Amino acid sequence: MNTVFLQAAGSGSSLMSFLPMILIVVVFYFFMIRPQMKKQKDHKKYIEELGVNSQIVTNAGIHGRIVEVSETTFLVDVGSGVKIRFDKSAVALDASKALNAKS
C-alpha cells in the first residue's frame, strides 16, 4: 500500500516542479511579448494613416513634411526645398504623434 501512495505522490511532485517554469513563460508572454506585438500593430496602423502634408519625425530625429507617398517609402521635405526619401519603417511613432498633437 505504501508503494502505491509513493508512486502517486511522485507524479504530483513532477508537475509541481514544472509549475514555476510554466508560470515564468506566462508572465513573460503578458509582460514582454504581448505589449511588443500591440506596439508593432499600432505603429503599422499609424504608418498606413499617414498621408501627404503630414508632419513626421524619423528614427534619426529628422523632422519634415511628407510630400509623396509610395508603397514602401515617403518623400519628405525637410526644409529649403531639400527632399529625402525614407522607408516607411523609419518613422518614429511616438515623436510623430507628439508633433502632430502640437500642430
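Residues numbered from 1 in each chain as written. Predicted model: local features only at pLDDT ≥ 70, side-chain atom pairs only at ≥ 80, totals over all residues. Heavy atoms only, no water.

**Considering the side chain of lysine 88**
Tracing the chain through its elements places lysine 88 in the loop between strand S4 (82-87) and helix H2 (93-102). For the buried residue lysine 88, which engages in no salt bridge, the nearest side chain bearing the opposite charge is glutamate 48, 7.9 Å off. Residues within four places of lysine 88 in sequence aside, it is in contact with Ile47, Val69, Ser70, Glu71, Thr72, Thr73 and Phe74. (Helix = DSSP H or I, 4+ residues; strand = E, 2+ residues; numbered from the N terminus. Buried < 20%, exposed > 50% of the residue type's maximum accessible area, 1.4 Å probe, protein only. Lys, Arg positive; Asp, Glu negative; His and termini not counted. Salt bridge = Lys/Arg side-chain N within 4 Å of Asp/Glu carboxyl O. Contact = heavy atoms within 4.5 Å.)

**Quick word on the confidence of the model for the chain**
Mean pLDDT over the chain works out to 85, with 85% of the residues at or above the 70 mark. Looking across the chain, the model is least confident in H2, with a mean pLDDT of 72, and most confident in S4, with 96. In this model residues 1-6 is a low-confidence stretch, pLDDT under 50, and it forms zero contacts with partners more than four residues away in sequence or in other chains. (pLDDT = per-residue confidence, 0-100.)

**A short note on the packing of aromatic side chains**
Within this structure, the stated rule accounts for one aromatic pair. Considering the side-chain rings of tyrosine 29 and phenylalanine 30, the 5.2 Å spacing of their centres and the 80° angle between planes classify their relative orientation as edge-to-face. (Phe/Tyr/Trp six-rings, centres within 6.5 Å; stacked < 30°, edge-to-face > 60°.)

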